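Summary of the model geometry
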Amino acid sequence: MAIRKFRKQMKVITVIITVAFIVSSLALYVMNHITYSSTKNYALKINGNKIKIEDVLRSKNMISNNFKNEIDEDIVGTLALDQVIENELVQEMADSLKIKISSKDINNEYNNLESNFKDKEQFKRMLTAQGYTKASLKKELERSMKSIKLKETIGGNISVTDEEIEEFYEENKFTMLQGLSLEESKEQIRGYLKEEKAGELYQKEITKLKEKMVITDVDPQFTNYLEKTKVEKEGITFTNVDYNKIYITFISNGVPKDKALEETDRFIDTQIKILKKAEEYQVKLEEGLPISLQVKEAYDGIYNAIEKKITPTQEELNSYFEKNRARYDIQPSADAYISFVKIEPSDLDKANSEKKAKEILVTVTPENFASIAKEKSDCPSSANGGELGWFTKEQMVSEFSEAAFKGEAGKIYPEVVNTVFGSHIIYVQEKDGDKVKASHILVKNEISQETIASKLKEVQEQAEKISNGELTFGDLPLDKYLNTNLFNGITDQGYIPGLGYKENLTNEIYKAPLNKVVAKNLDGEIFLFQKVNEIKPRKVDLSEVKENVERDYKAQKATEKIQEVLK
């Protein structure tokens, strides 16, 4: 089980690294060509080990991309350096536990990563743009695999008692466990609690290592990024790393920068109040916890102390139930296996795109290129007249780069260029050594109704095999059938947990007979699904849900009391 889980997580690493390559190649190319004032090739030393400058800069670039460059550089730098330091400490912890990754496993992951690119040459160019060699990328993969295996090891040493499982069940059986029996949910709860405990233990171990670590020989350009006290009130300290992690949480939720700073200050003030009130309620906090876990334990302790003192009367429960009846009535829901079918343009679709592009090619000139691009290009760059700016060979797919660098400056490339994105018309504006400035018009490979119909027929054949027991949803090929899974709690309002709102799909699921395997074309998207369970709506009496109502009533009153306490 652990090995299968490890393999699954490594697929995630491969995807993350692939996306990182594609998203950040331009910024990293520029970054790798900056001349630094320092003659050192490392940012600092942790316990005597050198941390490379490019590791910190790569981390900075990834964080900047994730937040669309909306965060100030000092905040990005602080978070990036903390991330790199934590990664180094994780490696130290893994080494101390003698966690090793075989060369075979590293090579397999390297090959998996390489397979995400069109050809080996494109992959090599992307490595170069990222500042990696084959050896250094394998080292990065090894570090990532060690990190995952470390968390597996930590989780493997954690036990969960039956009492803990029963307590969790009582608190959550009407919410996240959706009315399952204790026996039905026991292993699910055990896994959840083990994962939660492992995460907390992992954070505690990292905190301990941070307290003991020795940082030396810091390059001056990174001095401001080191962790230091940011807020200190009533004997409680928040570092700049603590502060910035809270700040970016507000930014992630769409709060404007200035407002996010205000909310962060207010949030920290509330956390300090929680920690101080914990002392009044005699809540004992475990030593060595990071500040975020201290606050969590303090809040839980205060909440539990208050909740134990709440004893609702029957009249209060009746009133609460009537006001919140909709929460307790049985709402319609369904469980279904769902697979999203990947549809690729056919050769005929590609030929049609190329034909359209050739028709446009004979009409364009350097003078009218921008206006035609605005009118006819399917690329987002059409808004800027097809402008792509300056780029190197490594930054574009090989077919496009070859044509752009082969073309003559100031002229339209004489042929249509086909890539995975469609058919391109390229205007080579300027050349400067290993860089080209160009614009393009893209005619996307549009998937025709004929292609969709052909694919639907193929999927219907698979549906028949699943119905006959020849296949299961788990047997469907991952490269053609995406996000194949059992989705529970699908609402009649169109919401699929884990996928979001898909009203057309949920309508079809609700209309379908139970256990029938259905292949459906919905507005050009093909889905394969099988409804395996459906719950009909029903009104309930208080007697059926009294325990649930009492828990919710006490939770509301306890929360209200905490809000009063923290004013």
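Report follows, based on the coordinates. (Residues numbered from 1 in each chain as written. Predicted model: local features only at pLDDT ≥ 70, side-chain atom pairs only at ≥ 80, totals over all residues. Heavy atoms only, no water.)

This next bit is on the overall build of the chain. Each helix and strand counted, the chain has 19 helices and 16 strands in total. On the principal axes, the C-alpha backbone points of the chain span a range of 85 × 70 × 50 Å. Out of the 567 residues belonging to the chain, those deemed buried represent 43%. Within the chain, counting contacts between residues at least 6 apart in sequence, those at least 24 apart form 67% of the total. Within the structure as shown, the chain displays about 32000 Å² of accessible surface, and the carbon and sulfur contribution to it stands at 49%. (Helix = DSSP H or I, 4+ residues; strand = E, 2+ residues; numbered from the N terminus. Buried < 20%, exposed > 50% of the residue type's maximum accessible area, 1.4 Å probe, protein only. Contact = heavy atoms within 4.5 Å. Areas by Shrake-Rupley, 256 points an atom, 1.4 Å probe, with all protein chains shown as cover.)

Right, let's get into the packing of aromatic side chains. Inspection of the entire model under this criterion finds 12 aromatic pairs. Taking 5.7 Å as the distance between ring centres and 90° as the angle between the ring planes, the aromatic pair formed by Tyr-320 and Tyr-553 counts as edge-to-face. Here the residue Tyr-320 occupies a position in helix H12 (residues 314-323), and Tyr-553 occupies one in helix H19 (residues 542-565), the gap between them amounting to 233 residues. We classify Tyr-320 as buried; its relative accessible area is 7%. Since its relative accessible area comes to 9%, Tyr-553 is described here as buried. Connected via pairs of aromatic rings, a cluster forms that spans Phe-391, Phe-400 and Phe-405. (Phe/Tyr/Trp six-rings, centres within 6.5 Å; stacked < 30°, edge-to-face > 60°.)

Attention now goes to the packing of helix H11 (residues 291-307) against H19. Here H11 crosses H19 at 120°, and the two axes come no closer than 9 Å. Compared by their axis directions, H11 and H19 come out oblique. Along this stretch, H11 crosses H19, giving a crossing that reads as right-handed. Here Tyr-299, Ile-302, Tyr-303, Ile-306 and Glu-307 of H11 lie close against H19, whose contacting residues are Lys-554, Ala-555, Ala-558, Thr-559, Lys-561 and Ile-562. (Axes fitted to C-alpha atoms, helices over the stretch in contact; angles between N-to-C directions. Parallel < 35°, antiparallel > 145°, perpendicular 65-115°, else oblique. Left-handed = near helix turned anticlockwise from the far one by under 90°.)

For strand E6 (residues 333-341), a buried count of 8 out of 9 residues is recorded, marking the element as mostly surrounded by other parts of the structure. As defined by bridge partners, E6 adjoins strand E12 (residues 481-491) across 7 bridges and the pair is classed as antiparallel. Each residue of the ladder has a partner; that of Ile-338, found in E12, is Asn-485. (Pairing = 2+ DSSP bridges.)

The next point concerns the side chain of Lys-210. Here Lys-210 shows up in helix H8 (residues 182-212). Given a relative accessible area of 18%, Lys-210 falls into the buried group.

Once that is clear, we can look at the sheet that holds E12. Spatially, 4 strands are ordered E12-E6-E16-E15 in an open sheet, and the strand pairing comes out antiparallel. Of all strands in the sheet, those with a lone pairing partner are E12 and strand E15 (517-522), marking the two edges. Sheet twist, expressed as the mean angle between neighbouring strand axes with direction ignored, is 25°. The strands that helix H17 (residues 449-467) touches are E6, E12, E15 and strand E16 (525-535); relative to E15, the one it contacts most, it runs at about 165°. The strands that helix H18 (residues 503-511) touches are E6, E12, E15 and E16; relative to E16, the one it contacts most, it runs at about 50°.

Glancing now at the sheet that holds strand E2 (residues 49-52). Judged by pairing direction, the sheet is antiparallel, and its 3 strands sit side by side in the order E2-E1-E3 without closing on themselves. Only two strands of the sheet have a single neighbouring strand rather than two, namely E2 and strand E3 (215-216). Strands in contact with helix H2 (residues 53-66) are strand E1 (42-46) and E2; relative to E2, the strand with the most contacts, it is inclined by about 45°. Sitting on the sheet, helix H3 (residues 73-96) is in contact with E1, E2 and E3, with an inclination near 45° to E1.

Considering the arrangement of structural elements, one finds Asn-116 in the loop between helix H4 (103-114) and helix H5 (120-130). Judged by its relative accessible area of 44%, Asn-116 falls in the partly exposed class. Once the C-alpha coordinates of Asn-116 and Phe-405 are considered, the two residues, 289 residues apart in sequence, prove to be 25 Å apart.

Here we take up the packing of H3 against helix H6 (residues 134-156). Across the interface, H3 lies against H6 with an axial gap of 9 Å and an inter-helix angle of 60°. On the basis of the axis angle, H3 is oblique to H6. Considering only the axes of H3 and H6, their crossing is left-handed. Seen from H3, the contacting residues are Asn-87, Glu-88, Val-90, Gln-91, Met-93, Ala-94 and Asp-95; seen from H6, they are Arg-143, Lys-146, Ser-147, Leu-150 and Ile-154. Looking at the contact of H3 with H6 residue by residue, the classes come out as 5 nonpolar, 3 polar and 4 charged. (Nonpolar A, V, L, I, M, F, W, Y, C, P; charged D, E, K, R; others polar.)

A separate point is the environment of Asp-523. Looking at where Asp-523 falls in the secondary structure, it is placed in the loop between E15 and E16. Sequence-wise, Asp-523 and Ala-260 are 263 residues apart; in three dimensions their C-alpha atoms are separated by 40 Å. Only 2.9 Å separates the side chain of Asp-523 from the side chain of Asn-504, close enough to count as a polar contact. (Polar contact = N/O pair within 3.5 Å; in protein donor to acceptor, adjacent residues only side chain to side chain.)

Here we take up the pattern of salt bridges. The final tally for this structure, using the stated rule, is 37 salt bridges. For the salt bridge of Glu-142 with Lys-139, the shortest nitrogen-to-oxygen distance reads 3.5 Å. Pair noted here: Glu-142 and Lys-139 are both in helix H6, with a separation of 3 residues, about one helical turn. Of the charged contacts in the structure, one is a salt bridge between Lys-511 and Glu-508, with a shortest N-O distance of 3.3 Å. In this pair, Lys-511 and Glu-508 are both assigned in helix H18, 3 residues apart and thus about one turn of the helix distant. On the basis of relative accessible area, Lys-511 is assigned to the exposed category, the value being 62%. A single network of salt bridges, built from pairs that share partners, joins Lys-259, Glu-262, Glu-263 and Arg-266. (Salt bridge = Lys/Arg side-chain N within 4 Å of Asp/Glu carboxyl O.)

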